[in-house]
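Residue-level structure breakdown
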Amino acid sequence: MTLRSIRSVPIFVYLGFILIPIYLAIQRLIDVTGKDPFTAIFSLPDHPLGSEALYFSFIQAFLSATLTIAIGLPIAWWLGRHQWKHLNIIRAALTLPFVTPTIVAAMGFLALFKTGGPIESLGIDLRFETGFIGWLSNATGIENSGHIIALLLAHAWFNLALVIRFVEPKIATIPPRFEESIRLLPIGKTRFNRARYFWWPMLRTSIGSAFLFAFIFSFTSFALVRWLAPNMWTLEALMAVEGGAAGIHNYRTEASLLVLGGATLQGIILLFALGLAGYWQQKQSISNDVVSEYFARKTAGKPSLFARIGVSSALLFALAPLGSMLLSSVRIRDRTNESFRWSSEAWDIALTGDLTYVSAAEALSNSIAYALACMIVSLLLGYAVASSIHTFETRGKKKTAMIIDLLSMLPLALSGVMVGLGVLLGVLKVWPELFQWYGLPIIPHAMLTTPFVIRIILPALRSLDSSYDETAAMLGYSQYQRFIRVRIPLMKSSLVVAATLSIAFSLGEFGASWILLRSGSWDTLPILVDQLMARPKYFQLVEPVAMATASLLMMVTFVLFVITERFREHQGGGF
Amino acid sequence: MSIEIQSLTLSYDEHVLVSRCNLTLAEGEILVILGPSGCGKTTLLRAIAGFVKPDQGSIYLNGRDLNPLPPEERNIGMLFQRPVLFPHKDVLGNILFAYRKKKHRNMEEVNEIMKDMGIYAMKNQTIETLSGGEAQRVVLARALLTNPELLLLDEPLSSLDLNVRRQLAAEIRATLKSKNIPAIHVTHDHDEAAIIGDRIIEWSEFHSMESE
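Residues numbered from 1 in each chain as written. Chains lettered and ligands numbered in written order. Predicted model: local features only at pLDDT ≥ 70, side-chain atom pairs only at ≥ 80, totals over all residues.

Here we take up the overall build of chain B. Along its length, chain B carries seven helices and nine strands. Relative to the 2.2 N^0.38 estimate, which gives 17 Å for 212 residues, the radius of gyration of chain B is 17 Å and therefore close to what a compact globule would have. For chain B, the spread of C-alpha atoms along the three principal axes comes to 55 × 40 × 30 Å. Expressed as a percentage of its 212 residues, the buried residues of chain B come to 42%. Considering only intrachain contacts with a sequence separation of at least 6, the fraction spanning at least 24 residues in chain B is 73%. (Helix = DSSP H or I, 4+ residues; strand = E, 2+ residues; numbered from the N terminus. Rg over C-alpha atoms; globule rule 2.2 N^0.38 Å. Buried ≥ 20, exposed ≤ 12 C-beta atoms within 10 Å, placed from the backbone. Contact = placed C-beta atoms within 7 Å.)

Set out below in structure tokens:
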């Protein structure tokens, strides 16, 4: 076996791991429907809910991304321009929503908008659409406008971190002399002109990338749609629900056709958006010189009162849903006299599992076991693939490296539901005995997290100075010894960030787990929350127990987030 | 003879840098190759170290054919233009990196070499606190602890100011002579070459040492 073919092994293993389930699933759906994936796209309107799902997916994703930019851009501007006390804590608080599991976000917004909740007490009833929201629905003729507003706000909340991460470092590192120079020219006399001729050209790729990623995440959102806009259908939600009936010969062919066409169309849209975002990100990284953040911030000085109010409001927006959820787990509504009382009963019930097949403690241990296994698989595989790509780059095989790099990003175009359906319709229909395997969720979780691990490790490998490795070689260290004693210590930060993010994503993964583990003794915490919320609410503690379970998941995620932030090296314009 | 290069051809990006050249180095001899930037001096050293594969030709070190050996099995030390110190270790940690296993550590030898190089007092310092000259001293001490059969010096003094450069050049020569370690030093600085070298050859001269 040649060295080149050895270097390619991890790449083939990775692509096989990702592509085989998807290939098997597509093959099965083609067999059942008798149509190829591209023809199936045109059959989407034949499904009773197909057209509505397609239309609503686009509209809500576009509006969510627009709202994200509208809220996030001023915050990124203020944060990037001025000297803030405790900047790292503010940044961390504003980016916390992005690592929050989507089911936790859904519970947080339900707690915020519920009857007797903080928003309803302001006279805005998004849940039952009475009062002003009811009037708005009637006036505009848009049904479920309260639910749609809730969904858009939740998506903007979730994606706010994208604008902060992509745009704020860019604003903070643009040399102040550029703006100073343009102020002295006739074209830069007014703020509007400076925004138009200077800031917009400097920031448009970062803003564009943030918009596209917000669009992608909103388009494939499932838990938030399921719980905040239960009467609306997106492609992702419809595929998740119809997926159970798909892939069976002579049974509800329209379900198979919807999954085949929907997944193909969604894959194409996501691939296109990812390609464009990747291109813009690349342009952004080579566009201009930068200065230290400290210097640029010092030039603009301390924030104005307006900026302080704006950032404080953003912090309130970022933390309110999580705070409301935590409160809802201990604030019990008494249905008989419409009053509230404080109690830890919901936590006791959640931890003992009196309402469900498994307790929150058992679900947490399942979640942690899957997350650790997923971390090991994705870290090993992700490192091996990133290392192979980097070796091709350093050996002058730039084109090969670029092709593999692009292929490694392909799985980012797969949503949780698509991966879950891939495993369900592909792997499990071929090897049904896998249904009995406790480790089944590790497959989709690792499929989803490995591309992120590659995206974190590859830049770290690229920035690692080869002279460290060469010096160790000159001191007599073998390749293995160099890996253990030089590479790992020097890449510690990136490896810890990759590992904790992988654990956090796996812990919060909902779409694929919902398809594969809807009822059983291996339920994860997100699935348990969903099961609890789906129960009839005759018993007053059902919702608080769900909130307590979601709060438990949030606390674990929060610990991981703190670890990630401690080890994250400051980097501009990325995840 | 410590090193013998026979009919060596090296190229970079399809541009031939060295064509069928021969070179020998006597035991304990310090050879300086003088040449302008970008002429291929570093590539020659990297080929001897094992990081670049020659297009053709052989390199022997004390009678061993180096071509089939990876860098870690050649027993050669190398100092790069920029001192390479591991950021996750302090000064002593970097020097102890010369020993692959803890049980092989000889602290007496370590202390002695640190005193010889004038870096003993800074053994617990982090590497960011070192000046360029101090950092190169640490790198040299670490390289010497591996008892190399040959030392390659790739313009290690080029980033230092004139006084430090001259002083360190004299110290390197004295240390190599006291330990009888042969060395190949490449530089574009004539003063430095005169201080360090037993023999000085111009790159153009080396380039013309072609096989018949």
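On to the overall build of chain A, then. Across its full length, chain A carries 25 helices and two strands. When the backbone C-alpha atoms are referred to their principal axes, chain A occupies close to 75 × 65 × 50 Å.

Attention now goes to the sheet that holds strand S8 (residues 183-187) of chain B. All names here are of chain B. Spatial ordering of the open sheet is given by S6-S7-S8-S3-S9, a layout of five strands whose pairing is parallel. The sheet is open, and its two borders are formed by strand S6 (76-79) and strand S9 (199-202), each paired with just one other strand. Strand-to-strand twist of the sheet, defined as the mean angle between neighbouring strand axes without regard to direction, takes the value 15°. Of the pairings in the sheet, the one linking S6 to strand S7 (residues 150-154) comprises four bridges and is parallel in character. In the sheet register, methionine 78 faces S7, and the bridge partner there is leucine 152. The strands that helix H1 (residues 41-49) touches are strand S3 (30-34), S6, S7 and S8; relative to S7, the one it contacts most, it runs at about 155°. (Pairing = 2+ DSSP bridges. Axes fitted to C-alpha atoms, helices over the stretch in contact; angles between N-to-C directions.)

Let us look at the confidence of the model for chain A. Mean pLDDT over chain A stands at 87; residues scoring 70 or higher make up 94%. Averaged pLDDT values for the elements of chain A fall to 70 in helix H13 (residues 293-300) of chain A and rise to 95 in helix H3 (residues 50-81) of chain A. (pLDDT = per-residue confidence, 0-100.)

As a further point, take the pairing of S3(B). Residues and elements named next belong to chain B. In terms of burial, S3 is largely enclosed, as five of its five residues are buried. Here S3 shows two buried faces, one formed by Ile30, Val32 and Leu34 and the other by Leu31 and Ile33. When S3 meets S8, the two strands line up parallel, connected through five bridges. The residue bridging leucine 34 from the neighbouring strand is threonine 187, located in S8.

Attention now goes to the interface of chain A and chain B. On the chain B side, the residues contacting the 14 residues of chain A number 15 residues. Listing elements by their share of the side of chain A that touches chain B, those giving two or more residues are helix H20 (466-474) and helix H21 (479-490) of chain A. Ranked by residue count, the leading element in the side of chain A that touches chain B is H20(A), at six residues. For the side of chain A that touches chain B, the per-class residue count stands at eight nonpolar, five polar and one charged. (Nonpolar A, V, L, I, M, F, W, Y, C, P; charged D, E, K, R; others polar.)

The subject of this paragraph is helix H16 (residues 360-394) of chain A. The periodicity of an α-helix, 3.6 residues per turn, causes residues three or four positions apart to be oriented the same way. Counted at 1.5 Å a residue, the expected span for H16(A) with its 35 residues is 51 Å, and the 48 Å between its end C-alpha atoms agrees. With its phi angle positive at about 85°, A:Gly396 sits one or two positions after the end of H16(A). (Expected span 1.5 Å × (residues − 1).)

Our focus in this paragraph is unusual backbone geometry. Residue and element names in this part refer to chain A. Phi at histidine 86 takes a positive value of approximately 55°, unusual for a residue other than glycine. Note that histidine 86 resides in the loop between H3 and helix H4 (87-99). Take histidine 86: there are 9 C-beta atoms within 10 Å of it, and that puts it in the exposed class.

Moving on to the sheet that holds strand S5 (residues 64-65) of chain B. All names here are of chain B. The four strands lie next to each other as S2-S1-S4-S5, forming an open sheet whose pairing is antiparallel. Of all strands in the sheet, those with a lone pairing partner are strand S2 (15-25) and S5, marking the two edges. Examined bridge by bridge, strand S1 (residues 3-12) and strand S4 (residues 56-61) share five bridges and lie antiparallel to one another. Across the sheet, residue glutamate 4 finds its bridge partner in S4, namely tyrosine 60. Docked against the sheet, H1 engages S1, S2 and S4, running at close to 120° with respect to S1.

Before going further, it helps to spend a moment on the environment of A:Thr500. Residues and elements named next belong to chain A. Along the polypeptide, threonine 500 turns up in helix H22 (residues 492-508). Classification of threonine 500 as buried rests on a count of 23 C-beta atoms within 10 Å. Expressed as a C-alpha distance, the spacing of threonine 500 and threonine 557, which sit 57 residues apart in the sequence, is 9.4 Å. In contact with threonine 500, not counting residues within four places along its chain, are Leu560, Ile563 and Thr564.

Our next topic: helix H11 (residues 235-242) of chain A. By the criterion of burial, H11(A) is predominantly enclosed, with seven of the eight residues buried. Regarding H11(A), the residues found buried are A:Leu235, A:Glu236, A:Ala237, A:Leu238, A:Met239, A:Ala240 and A:Glu242.

This part takes up the packing of H4(A) against helix H7 (residues 145-173) of chain A. Each pair of packed helices can be summarised by the angle the axes make with each other and by the distance between the axes. Residues and elements named next belong to chain A. Contact geometry for H4 and H7: axes closest at 6 Å, N-to-C directions at 130°. Compared by their axis directions, H4 and H7 come out oblique. When the axes of H4 and H7 are compared, the crossing they make is left-handed. On the side of H4, the interface is formed by Arg91, Leu94, Thr95, Pro97 and Phe98, while H7 contributes Trp157, Phe158, Leu160, Ala161, Leu162, Ile164 and Arg165. When grouped by side-chain class, the residues that make up the contact of H4 with H7 number nine nonpolar, one polar and two charged. (Parallel < 35°, antiparallel > 145°, perpendicular 65-115°, else oblique. Left-handed = near helix turned anticlockwise from the far one by under 90°.)

This paragraph deals with the environment of B:Glu109. All names here are of chain B. Within the secondary structure layout, glutamate 109 lies in helix H3 (residues 107-116). By C-beta crowding, glutamate 109 is classed as partly exposed, having 14 other C-beta atoms within 10 Å. Between the C-alpha atoms of glutamate 109 and leucine 145, which are 36 residues apart in sequence, the distance is 7.9 Å.

Residue and element names in this part refer to chain A. One way to put it is that H3 packs onto helix H9 (residues 191-219) with a least axis distance of 8 Å and a crossing angle of 135°. Comparing the axis directions of H3 and H9 gives the class oblique. Taken as a pair, H3 and H9 cross one another with a handedness that is right-handed. Residue-level contacts link Ser57, Gln60, Ala61, Phe62, Ser64, Ala65, Thr68, Ile69 and Leu73 of H3 to Ile207, Ala210, Phe211, Ala214, Phe215, Ser218 and Phe219 of H9. Residue classes in the contact of H3 with H9 are distributed as eleven nonpolar, five polar and no charged.

Residue-level pLDDT values for chain B average 89, and 97% of them are 70 or greater. For this predicted complex, the interface confidence score (ipTM) comes to 0.84, while the overall pTM stands at 0.81.

Residues and elements named next belong to chain A. Here glycine 382 lies in helix H16. Assessed through the 29 C-beta atoms surrounding it within 10 Å, glycine 382 is described here as buried. Sequence spacing of glycine 382 and alanine 498 is 116 residues, and the spatial spacing of their C-alpha atoms is 9.3 Å. Discounting residues that sit within four places of it in the chain, glycine 382 has contacts with Thr450, Val453, Ile454, Ile457 and Ala498.

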